[in-house]
Amino acid sequence: MRFMFAAILFCGCSREQTKPQPQMREYNWPIMGTTANLILADDGVDAEKAVGIAKEALEEVNSKLSVFVPTSDASKLNANLGCDYTTYHSFEMIIRSFYFNKITDGAFNPMVAPLVELWGFHRGGEKYDFPPPAEAVSNTLKRCGIEMLHMEHDIYGDDEGNTWCENTIFISAGGRIDFGAIAKGYAVDVAYEELRIAGCTNFLMNLGGNMRASGTREWKIAVRNPLKGVDDEPLEHITLTNGMAVATSGGYEQFHERDGVRYCHIIDPRTGYPAQGVEQVTVIANDAMTADALSTACFVLGAEASKKALAECGASALFVVKNPDGSLRLERIGDFW
Ligand code: FAD
Ligand code: MG
């Protein structure tokens, strides 16, 4: 199993140190090829129940959206079986995917799965020596347009005056979908809502670096230095509170290297090639799905071209870019700073 903490929790701390502090309880479990981490800071909350709620929420999203689960909606779509009984989670993901694709001018695109595979990530790519030939890239790119994804929305009625609607999702032949850049954040939001409904107030839900904080406490998060290991001196600390979320995308955990060139797992859907130019980007947003989707898109776009999408979502970002001399440059966008 891979552990992918792009941003690490340092500690949960409150400014109000005069009051007795409730005990922190921390739980970890594996899911979605990474680790889920829940820190509860509420007195009087049944921790076992809370962990059960969070686990169930993440499992449910995983069962519908994972391309690693053969019975999921995502796998059915990829097998061209369509989803004629759209489940809530896949409906939500598709709608949101169209939205993020639009506001990022195509930089966020869950239909890049054939290119992700061509570049040797998750599976596939074995047909060619690495890097794949330009012709294979341009041919594969033709199967990755967002227009390969279809959603039909039909409204029906009967003689008794009842009306209902049915959504049908399908993908054109040759296309494939992968919610890898958005569904971990979405799953964090689903768990967050369920925990709040169950009466949990102060907690931090973390799924592989996609985090959302609940309550009035301040949660201090360490942002990793992309040139160093996860346990080394962090680049920066940010503080989350009141429903805020953070996600980090970087090219240093999943990549291939040839002749001194690093090819990472985030693909620029406009060119078909792995994104270049940004070392790491951390997005702070009002929900974890937005932070997740935008961190991937901002990694593709770079700081300047990301401003529009970040502003549209009321989100902020910390870009880490490498200077020609190898040193790091930080660029901050948004009101958070
Ligand atoms: P992010 O930047 O958030 O996302 C990058 C990923 O998104 C890429 O790996 C690629 O798949 C896709 N992508 C690339 N470019 C773009 C783009 N321009 N626009 C949109 N998407 C793009 N991994 C396992 O090994 N085993 C599992 O069982 C497993 N189950 C999973 C279940 C679910 C529901 C999800 C969402 C992921 C699962 N993963 C699994 C995948 C694993 O966790 C991924 O490596 C991860 O989602 C990538 O996230 P990230 O935070 O590293 O990068
Ligand atoms: Mg992402």
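Here, the structure is the one placed above.
Notes on the structure in this doc start here. Within every chain, residues take consecutive numbers counted from 1 along the sequence as written. To label them, take the chains in the order written and letter them from A, then take the ligands in the order written and number them from 1. Whole-chain, interface and lining totals are the exception, using all residues; otherwise, since this is a predicted model, local features are given only for residues with pLDDT of at least 70 and side-chain atom pairs are given and counted only at 80 or more. By convention in this description, side-chain values take in all heavy atoms of the structure and omit both hydrogens and water.

Glancing now at the overall build of the chain. Only runs of H or I of at least four residues qualify as helices and only runs of E of at least two qualify as strands under DSSP, and these elements are numbered from the N terminus. Scanning the chain from terminus to terminus reveals eight helices and 15 strands. Note that the radius of gyration is over C-alpha atoms, with the globule rule given as 2.2 Å times the number of residues to the power 0.38. Taken against the 2.2 N^0.38 rule, which gives 20 Å for 337 residues, the C-alpha radius of gyration of the chain at 20 Å falls within 12% of a compact globule. The classification of residues rests on relative accessible area computed with a 1.4 Å probe and restricted to protein chains. Under 20% of the type maximum is buried, over 50% is exposed, and intermediate values are partly exposed. Looking at the chain as a whole, 54% of its 337 residues are labelled buried. For the chain, contacts bridging at least 24 residues in sequence account for 63% of all contacts bridging at least 6. To measure how exposed things are, a 1.4 Å probe is used in the Shrake-Rupley method; for residues, cover is taken only from the protein chains shown. Working note: accessible area of the chain is about 15,600 Å², and carbon and sulfur atoms make up 49% of it. The positive count covers Lys and Arg only, the negative count covers Asp and Glu only, and His and the chain ends enter neither. Charged groups are reduced to one reference atom each: NZ for lysine, CZ for arginine, CG for aspartic acid, CD for glutamic acid. Each charge class in the chain was averaged separately, 30 positive and 45 negative side chains, and the resulting centres sit 6 Å apart. Contact between two residues is taken to exist if any of their heavy atoms lie within 4.5 Å; hydrogens are not considered.

Turning our attention to the packing of helix 3 (residues 88-103) against helix 7 (residues 288-301). Between the N-to-C directions of two axes lies an angle of 0 to 180 degrees, each axis being a line fitted to C-alpha atoms and, for a helix, fitted only over the stretch in contact. Between helix 3 and helix 7, the least distance of the axes is 11 Å, while the angle of their chain directions is 45°. One way to sum up the angle between helix 3 and helix 7 is to call them oblique. In this structure, helix 3 crosses over helix 7, and the sense of that crossing is right-handed. For the pair formed by helix 3 and helix 7, the contact residues are M93, R96, F100 and I103 on the first element and M289, T290, A293 and L294 on the second. An angle below 35 degrees is read as roughly parallel, one above 145 as roughly antiparallel, one from 65 to 115 as roughly perpendicular, and any other as oblique. Should the near helix be turned anticlockwise from the far one by less than a right angle, the crossing is termed left-handed; should it be turned clockwise, right-handed.

This paragraph deals with unusual backbone geometry. Residue P131 is reached from F130 by a cis peptide bond, and omega for that bond is -5°. With a phi angle near 55°, M32 is a residue other than glycine that sits in the positive phi range. With respect to the helices and strands, M32 occurs in the loop between strand 2 (25-31) and strand 3 (34-40). What makes M32 partly exposed here is its relative accessible area of 23%. Of note, D259 is a non-glycine position whose phi angle comes to about 50°, a positive value. The residue D259 is located in the loop between strand 11 (255-258) and strand 12 (261-264) in this model.

What follows concerns the nonpolar core. M205, V283, L294 and F319 are the most contacted members of the largest nonpolar core, which totals 74 residues. Among the buried residues, those of types Ala, Val, Leu, Ile, Met, Phe, Trp, Tyr and Cys that are joined through side-chain atoms within 4.5 Å form a nonpolar core. Ranked by size, the runner-up nonpolar core spans 14 residues in total, among them I39, W219, I284 and L318.

Looking at the magnesium ion (ligand 2), one finds its protein donor set to be A181 (O), D292 (O), D292 (OD) and T296 (OG1), positioned 2.1 to 2.6 Å from the metal centre. For Na, K and Ca the donor cut-off is 3.2 Å, while for other metals it is 2.8 Å, and in both cases only N, O and S atoms qualify; water is not among them, so sites may look incomplete. All donors of the magnesium ion (ligand 2) come from a single chain, and their spacing in sequence reads A-x110-D-x3-T. With D292 and T296 both in helix 7 and four residues apart, this pair spans about one turn of that helix. On the basis of relative accessibility, which here comes to 13%, the residue T296 falls in the buried class.

Turning to the layout of surface pockets, a few remarks are in order. Computed from the structure, the largest pocket encloses a volume of approximately 910 Å³. A cavity, in this analysis, means grid points on a 1 Å lattice covering only the protein atoms where a 1.4 Å probe fits yet has no way out; a pocket is instead an open set bounded by protein on both sides within 12 Å along at least five of seven lines, and a residue lines either one if it has an atom within 4 Å of a point. Lining the largest pocket are 41 residues; nearest its centre among them are H122, G180, A181, K184 and H265. Of all the secondary structure elements, the ones that give two or more residues to the lining of the largest pocket are helix 1 (47-65), helix 6 (183-197), strand 10 (245-250) and helix 7. Per element, the largest residue contribution to the lining of the largest pocket is four residues, and it comes from strand 10. Taken together, the residues that form the lining of the largest pocket break down as 20 nonpolar, 16 polar and five charged. Grid points are joined across faces, edges and corners, and a volume is the space filled by probe spheres set on the points. Computed from the structure, the second largest pocket encloses a volume of approximately 310 Å³. Classes in brief: Ala, Val, Leu, Ile, Met, Phe, Trp, Tyr, Cys and Pro nonpolar; Asp, Glu, Lys and Arg charged; the others, Gly included, polar.

This part takes up the packing of helix 1 against helix 6. Viewed as axis vectors pointing N to C, helix 1 and helix 6 meet at an angle of 145°, and their least axial separation amounts to 9 Å. When the axes of helix 1 and helix 6 are compared, the crossing they make is right-handed. Contacts between helix 1 and helix 6 involve A50, I53, A54, A57, L58, V61 and L65 from the former and A183, Y186, A187, V188, V190, A191, E194 and L195 from the latter. When its residues are assigned to classes, the contact of helix 1 with helix 6 shows 14 nonpolar, no polar and one charged.

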